[in-house]
Amino acid sequence: ATLIVGAQPEPHLPLALESIASAVDFCVVDYNGVQEDNYRALQESRLYREGRLQIGESQWQNFAQARNHTLAMLPPQTEWFMRLDADEVHFPEQLQILTRQLLPALSPRVGMLDYYSQAFAFSWDYLLPLVRRHDFLIRYHPGMRWERGIHEQLSGRQGIRVAAPYLFHHYATLNDPQVLIK
């Protein structure tokens, strides 16, 4: 997995990391922030404790630069990577089926696997419409590069794009992750 952790507080970061821990082999993080709670959440995660999370510090320039930093940190044996946001909480068992069973069985012609997400609008009472998330699981190869500082796009990708019937929740506008834990 690749992840950017910046200057904003990320109250859902511990849950996001735990939700992917069984589904990914490794997570690389571009840390360009100053939030001690975010850094502590990274270091307290199961991925970090098991030696499967690498934190690379950088100075913020733009999203493409930060994502390219994560690509440079991927282990050489990487076949696929997941583009994770710090406020996404996944369903571990379902994600594990996708990463451990579906990805290895896909044709080499497939280069990207899209999912669907839903976001809550400022409270648990309002759910926004279903959105297709592009470039979520990506077959890695050297030469890939993120371009455009905002609304970045991946250049050099190879293969066709398919979508899986998988849904996760994006908690960007919610402030109280303790509700999820209860």
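Whatever comes next refers back to the structure up there.
Residues numbered from 1 in each chain as written. Predicted model: local features only at pLDDT ≥ 70, side-chain atom pairs only at ≥ 80, totals over all residues. Heavy atoms only, no water.

**Some remarks on the pattern of salt bridges**
Item 1. Taken as a whole and judged by the stated rule, the model has 7 salt bridges.
Item 2. Note that Asp37 and Arg40 form a salt bridge whose closest N and O atoms lie 2.5 Å from each other. Of this pair, Asp37 and Arg40 are both found in helix α2 (residues 36-44), 3 residues apart, which corresponds to roughly one turn of the helix.
Item 3. When its relative accessible area of 53% is taken as the criterion, Asp37 is described as exposed. (Salt bridge = Lys/Arg side-chain N within 4 Å of Asp/Glu carboxyl O. Helix = DSSP H or I, 4+ residues; strand = E, 2+ residues; numbered from the N terminus. Buried < 20%, exposed > 50% of the residue type's maximum accessible area, 1.4 Å probe, protein only.)

**A word on the packing of aromatic side chains**
Aromatic ring pairs are described here by two measures, namely the spacing of the ring centres and the angle between the planes.
Item 1. Taken as a whole and assessed by the stated rule, the structure comprises 5 aromatic pairs.
Item 2. Aromatic side chains Trp60 and Phe63 sit 4.9 Å apart centroid to centroid with 80° between the ring planes, which places their arrangement in the edge-to-face category.
Item 3. Phe63 sits in the partly exposed class, given a relative accessible area of 34%.
Item 4. Ring geometry for Tyr115 against Tyr166: centres 4.7 Å apart, planes inclined by 70°, an arrangement best described as edge-to-face. With a gap of 51 residues between them, Tyr115 in strand β6 (residues 110-119) and Tyr166 in strand β10 (residues 160-170) connect regions that are remote in the sequence.
Item 5. Judged by its relative accessible area of 6%, Tyr166 is buried.
Item 6. The positively charged end of Arg67 is found above the aromatic ring belonging to Trp146, 5.7 Å away from the centroid. (Phe/Tyr/Trp six-rings, centres within 6.5 Å; stacked < 30°, edge-to-face > 60°. Lys NZ or Arg CZ within 6 Å of the ring centre and 35° of its normal.)

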